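Architecture at a glance
If you want the building blocks of each chain, they are given just below.
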Amino acid sequence: MDQEQRKIMIIEPNCSGGIELLKSARRMGVEVHAVTHEDLYEHSYSDAVKDMIDYTLFTNFCEEVEAITEIVEYGRSVGIEGVVAGFEFVTDITVKVASELNLPTHDVSKCAALRRKDLMHQYFAEHQVSCARTIVVQTWDECNAAALEIGYPVVIKPSSNAGSCSVFKSNSVQELKQAFEVIKQNNVEFPHGMPLDDHILIQEYLSGQEVSVEIAICNGDMSVLAITDKMTTSGNHFAEIGHTLTSHLDPLEQKQITDMTESAVRSLGLKNGIAHVEVKLTSDGVKIIEVGARMPGGKIPCLLLHACGIDEGIVYMQTSLGQAPDVTPRNDQFAAIRFITSDKEGIIESVDRLEEIQKVSSDGQEGIVDIEIYAKQGQKIGVPINNIDRIGHIISVSNCYKRASDLCSEALEKIELQIAE
């Protein structure tokens, strides 16, 4: 069968990673079948996103059993050959659908752990995966006792949210109580309205360099695509404000990271697909934060394409079709991204001086390759406390790690934000 005729189902592509997956699907030449909610498609999907989709199935993820039945019946009727997740919150549904269709995927008996970090940490413990000490709680009394047992500061986060939403570093019982209440109040996923699991993780705070690792898995065999150095906000939140790929860590550190990453991926039964693994390199060694069985956010697929010439979306779809993925690097550069954020709350009046940012050099080997503003004029914005609080981004490329980072920093300094308080 010709590559152009392969039929791929993307379950909810309307988010950062899902849109990159759609772009990859267009480059790969496959037929795209998207699954989403009808109201979201009508009101939230841009024309550009709709143009990358060939066919759409409307369902309701909030009614999971019925949704899976509908998706599987549709998949059988049209001859879907690969199923991939476009969105963090449907990674478990994706595995169940692919399994029902007898298509390459992960261990369905463990897929609940892809959405519930309490279960994920159970598997880590069972397989001796090094991670933060974790106590799972549901009530305030349990939460308070767990923090005292671990010792402040602690990290408190919901079991099944995403995007660094409602993740807090708490230095005192007062901060912990406030964070606990925020998590309890934010118990429904946005934008589909799926209920979130009510378990909460209390963890030891890990200090050290944070990185993420992109992994491809085919029939249980793993390939490391890249390690990304990450920048996050300081203080009590963990919003990501920048990345540089590939990592500048020394080869021994990178080997330690990839070895522990592969152990974490294996512990969760990931067999065919990709994994985005968040890691801390601490004074006590490598510690796994969590594993996502989906495309990374934060434009990491774009950095990977610029720096290494590897198309992560195509890699993901190839594994879903049972094909050995193409993980051969074609470039040997560095790519950096810095997110445009505000240092105060207010209403965006304008984002100025973008035209002063120098674009790619004449030889095309170094410079700014992408600037995008997401926030609209008149939109309310705050200081970044999660990955949603971004105004836009700048991406640069260079054959030098430091220069790639510096290009972004220099461009950020030129941008002028007008914020009305």
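Residues numbered from 1 in each chain as written. Predicted model: local features only at pLDDT ≥ 70, side-chain atom pairs only at ≥ 80, totals over all residues. Heavy atoms only, no water.

- The protein chain carries the name Biotin carboxylase in an unreviewed UniProt entry, which gives Croceifilum oryzae as its organism.

**Section: the pairing of strand S1 (residues 7–11)**
- Burial analysis of S1 places four of its five residues in the buried class, the great majority of the element.
- Bridge count for S1 against strand S2 (residues 31–36) is five bridges, and the pairing is parallel. Counterpart to isoleucine 11 in the pairing with S2 is valine 35. (Buried < 20%, exposed > 50% of the residue type's maximum accessible area, 1.4 Å probe, protein only. Helix = DSSP H or I, 4+ residues; strand = E, 2+ residues; numbered from the N terminus. Pairing = 2+ DSSP bridges.)

**Re the nonpolar core**
- In terms of nonpolar packing, the biggest core is built from 62 residues, with Met9, Ile11, Val83 and Val97 touching the most fellow members.
- At six residues, the largest contribution of residues to this core is made by helix H10 (residues 300–308).
- If we skip the residues at most four places from it in the chain, valine 83 touches Met9, Ile11, Thr94, Val97, Ala98, Leu101, Leu103 and Ser320.
- By size, the runner-up hydrophobic cluster in this structure holds 30 residues, among which are Cys111, Cys131, Ala264 and Val279. (Core = buried A, V, L, I, M, F, W, Y, C linked by side-chain atoms within 4.5 Å. Contact = heavy atoms within 4.5 Å.)

**Structural notes on the packing of aromatic side chains**
- Following the criterion strictly, the structure yields five aromatic pairs and no others.
- Aromatic side chains phenylalanine 87 and phenylalanine 89 sit 5.2 Å apart centroid to centroid with 45° between the ring planes, which places their arrangement in the tilted category. Side by side, phenylalanine 87 and phenylalanine 89 carry an identical accessibility label, which is buried.
- Feature note: the residues Tyr41, Tyr45 and Phe58 constitute an aromatic cluster, connected by ring pairs.
- Positioned above the aromatic ring of tyrosine 41, the side-chain terminus of lysine 50 is 4.7 Å from the ring centre.
- When the ring centre of phenylalanine 339 is taken as reference, the NZ or CZ atom of arginine 390 above it lies at 3.7 Å. (Phe/Tyr/Trp six-rings, centres within 6.5 Å; stacked < 30°, edge-to-face > 60°. Lys NZ or Arg CZ within 6 Å of the ring centre and 35° of its normal.)

**A closer look at the packing of helix H1 (residues 16–28) against helix H11 (residues 312–320)**
- In contact at an axis separation of 8 Å, H1 and H11 are set at 75° when each is read in the N-to-C sense. Classified by the angle their axes make, H1 and H11 are roughly perpendicular. On the side of H1, the interface is formed by Leu21, Ser24, Ala25, Arg27 and Met28, while H11 contributes Gly313, Ile314, Tyr316, Met317 and Gln318. (Axes fitted to C-alpha atoms, helices over the stretch in contact; angles between N-to-C directions. Parallel < 35°, antiparallel > 145°, perpendicular 65-115°, else oblique.)

**Here's the deal with a negative patch on the surface**
- A cluster of acidic residues, Glu63, Glu66, Glu70 and Glu73, forms a negative patch on the protein surface.
- For glutamate 63, the position within the fold is in the loop between strand S3 (55–58) and helix H4 (64–78). (Patch = residues over 30% accessible without salt bridge, like charges linked within 9 Å, V, L, I, M, F, W, Y side chains within 5 Å. Areas by Shrake-Rupley, 256 points an atom, 1.4 Å probe, with all protein chains shown as cover. Salt bridge = Lys/Arg side-chain N within 4 Å of Asp/Glu carboxyl O. Lys, Arg positive; Asp, Glu negative; His and termini not counted. Charge placed at Lys NZ, Arg CZ, Asp CG, Glu CD.)

**Side note on the environment of leucine 148**
- Inspection of the secondary structure puts leucine 148 in helix H7 (residues 140–150).
- Placed 72 residues apart in sequence, leucine 148 and glycine 220 show a C-alpha to C-alpha distance of 40 Å.

**Some thoughts on the sheet that holds strand S8 (residues 200–204)**
- Reading across the sheet, the four strands line up as S5-S8-S6-S7 and stay open at both edges, with antiparallel pairing between neighbours. Of all strands in the sheet, those bounded by a partner on one side alone are strand S5 (134–137) and strand S7 (168–170). Averaged over neighbouring strand pairs, the angle between their axes works out to 25° when direction is ignored.
- Helix H6 (residues 117–126) contacts S5, strand S6 (154–158) and S8 of the sheet and is inclined by roughly 50° relative to S8.

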